[in-house]
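Examining the three-dimensional arrangement
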Amino acid sequence: VAKTTCPSSYRLPTRIELVTLLNLDPKKTPVRASDSLGLQATKYWTTSLERTNNKEGNLLITSKHWVVSFAAGSDAPVARIEESLKASVICVKAK
């Protein structure tokens, strides 16, 4: 997703980077990031590294795609990227 949408020196934010922007105050609806960030109450693509161990105890690091919803105040892993899953993209400067 980021390779086709973001400039070469940018990347998708991690899941944690986006989730920390959610406003989880139950008194505020819809749940979304600060208006000053200019984010819409919609879903955004993200990617994060997942660290697991295989049967032999070796560390496996894989990239997982997630969608963070600023409308619902939630996140969910994406098993397979499909055309039917519509989400926006935010590009952040790569370090």
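Up top is the structure.
Residues numbered from 1 in each chain as written. Predicted model: local features only at pLDDT ≥ 70, side-chain atom pairs only at ≥ 80, totals over all residues. Heavy atoms only, no water.

A few points about the overall build of the protein chain
The condition that has to hold: A run of H or I in DSSP becomes a helix once it reaches four residues, and a run of E becomes a strand once it reaches two; helices and strands are each numbered from the N terminus. Think of it in three bands: residues with accessible area under 20% of the maximum for their type are buried, residues over 50% are exposed, and the middle band is partly exposed, with areas taken using a 1.4 Å probe on protein chains only. Contacts are residue-level and defined by heavy atoms, with any inter-residue pair within 4.5 Å sufficient. Computed by Shrake-Rupley with a 1.4 Å probe, the accessible areas treat only the displayed protein chains as cover when residues are assessed.
The secondary structure content of the protein chain amounts to two helices and five strands. Split into buried and exposed, the 95 residues of the protein chain put 22% on the buried side. For the protein chain, long-range pairs separated by at least 24 residues make up 59% of all intrachain contacts whose partners lie at least 6 apart in sequence. Accessible area for the protein chain stands at about 6,700 Å²; split by element, carbon and sulfur atoms hold 53% of it.

Quick word on the sheet that holds strand 2 (residues 43–53)
To keep it simple, the criterion reads: Paired strands, as defined in this entry, are two strands with at least two bridges between them according to DSSP. For helices, the axis comes from a line fit to the C-alpha atoms of the stretch in contact; other axes are also lines fit to C-alpha atoms, and the angle between any two N-to-C directions lies between 0 and 180 degrees.
In spatial order, the strands read 2-3-4; together these three strands make up an open sheet with antiparallel pairing. This sheet does not close on itself; its edge strands, each paired only once, are strand 2 and strand 4 (74–78). Along the sheet, successive strands turn relative to each other by an average axial angle of 35°, direction set aside. Across five bridges, strand 3 (residues 59–69) lies against strand 4 in antiparallel orientation. Bridge pairing in strand 4 links His 65 to Val 78.

Regarding the side chain of Ser 69
As for its placement among the helices and strands, Ser 69 is situated in strand 3. Assessed through its relative accessible area of 9%, Ser 69 is described here as buried. Excluding residues that lie within four positions of it along the chain, Ser 69 makes contacts with Leu 22, Thr 42, Lys 43 and Ser 74.

A look at the environment of Arg 11
Condition: Any N or O atom pair separated by 3.5 Å or less is treated as a polar contact, with the protein-specific requirement of one donor-capable and one acceptor-capable atom, and with residues adjacent in sequence counted only for side-chain atom pairs.
Along the chain, Arg 11 turns up in strand 1 (residues 10–11). Counting along the chain gives 36 residues from Arg 11 to Thr 47, while the straight-line C-alpha distance between them is 9.2 Å. At 3.1 Å, the side chain of Arg 11 and the side chain of Glu 17 are in polar contact.

Digging into the pattern of salt bridges
Defined as follows: Salt bridges are identified by distance alone: a Lys or Arg side-chain nitrogen within 4 Å of an Asp or Glu carboxyl oxygen.
This structure, assessed with the given rule, holds three salt bridges. Two residues, Glu 17 and Arg 11, come together in a salt bridge whose shortest N-O distance is 3.1 Å. Glu 50 is the partner of Lys 64 in a salt bridge, and the nearest nitrogen-oxygen pair spans 3.9 Å. Highlighted residues: Lys 64 in strand 3 and Glu 50 in strand 2, separated in sequence by 14 residues. On the accessibility criterion, Lys 64 (34% relative accessible area) is partly exposed.

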